[in-house]
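A structural walkthrough
These are the residues of each chain, in order.
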Amino acid sequence: ISEMTLDELSVFQKALVNNTRGTFGREGYGTSAAGPFQIMGFNQEDPVIRKALGFDGNTIFNEETQTAFAEYLANGVGLSKFLNGEISEDEAVRGLAKVWASMPDPETGVSRHNQHTGVTLDKVRTALNTTNTVDGEEKYIVPEGVVDEKDLVQGEDQKLNVADVFKNENEL
């Protein structure tokens, strides 16, 4: 899928929904989640999001595009506000859990969407509150041991960006 255009991905995601109906414990529902960040079809097709990111139907759904969608979605539900000290940790986690079905809700510790959580609430909290300096800039990085190495692709610097918490191990 990383070589598909967004228009081609839309066709793929519609077929994916039909082929996964009833497989997630919710009768009649399927998924359109695609790529390591599990980008849903309705998000990647949203004209407001595409315009904000400078994408159109011919944009390739490569790693850069996927990361841009994930950052846009995470910031849209409060990640950037949390990193700037404008909202609480629970508000940030709650927002992330609304977008990513495998993220735990801060009040319950389980998925808001009745599905397996990919990470524990403690791991999400640790990731949100950890900074490291990368190339002279302070960045929020998932510290070693918070997420199993087998679950994520590591960058050249062998550190995991906070966005990597949202990647799905089955897509890597």
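Reading the values: the criteria
Residues numbered from 1 in each chain as written. Predicted model: local features only at pLDDT ≥ 70, side-chain atom pairs only at ≥ 80, totals over all residues. Heavy atoms only, no water. Helix = DSSP H or I, 4+ residues; strand = E, 2+ residues; numbered from the N terminus. Buried < 20%, exposed > 50% of the residue type's maximum accessible area, 1.4 Å probe, protein only. Contact = heavy atoms within 4.5 Å. Areas by Shrake-Rupley, 256 points an atom, 1.4 Å probe, with all protein chains shown as cover. Core = buried A, V, L, I, M, F, W, Y, C linked by side-chain atoms within 4.5 Å. Phe/Tyr/Trp six-rings, centres within 6.5 Å; stacked < 30°, edge-to-face > 60°.

What follows covers the overall build of the chain. Looking only at helices and strands, one finds 7 helices and 3 strands in the chain. Counting from the amino terminus, the chain carries its helices and strands in the arrangement α-α-α-α-α-α-α-β-β-β. In the chain, which comprises 172 residues, the proportion classed as buried is 41%. Contacts spanning at least 24 positions in sequence make up 41% of the contacts within the chain whose residues lie at least 6 apart. Total accessible area on the chain is roughly 9700 Å²; 46% of this is exposed by carbon and sulfur atoms.

It is worth spelling out unusual backbone geometry at this point. Located in the positive-phi region is Q38, a residue other than glycine, with phi close to 55 degrees. Relative to the helices and strands, Q38 is located in the loop between helix 1 (6–20) and helix 2 (41–44).

Turning to helix 6 (residues 89–99), a few remarks are in order. Residues lying three or four places apart along an α-helix face the same way, a consequence of the helix completing one turn every 3.6 residues. If you check which residues of helix 6 are buried, you get A92, V93, G95, L96 and A97. Tucked into the core, helix 6 has its buried residues touching helix 4 (63–76), helix 5 (79–83) and helix 7 (121–128).

Here the focus is the nonpolar core. As a rule of thumb, nonpolar side chains are buried together in soluble globular proteins. Core analysis: the biggest nonpolar cluster contains 25 residues, and F61, F69, W100, M103 and L128 have the highest contact counts within it. When residues of this core are traced back to their parent elements, those giving at least two are helix 1, helix 4, helix 5, helix 6 and helix 7. Counting residues per element, this core draws most heavily on helix 4, which supplies 5 residues. Contact partners of F69, with chain neighbours within four places excluded, come to L6, I39, N43, Q44, I49, L53, F55 and F61.

It is worth spelling out the packing of aromatic side chains at this point. If you walk through the whole model with that rule in mind, you get 2 aromatic pairs. Taken together, a centroid distance of 6.5 Å and an interplanar angle of 50 degrees make the contact between F61 and F69 tilted. Since its relative accessible area comes to 0%, F61 is described here as buried. An aromatic cluster is present here, built from F55, F61 and F69 joined pairwise through their rings.

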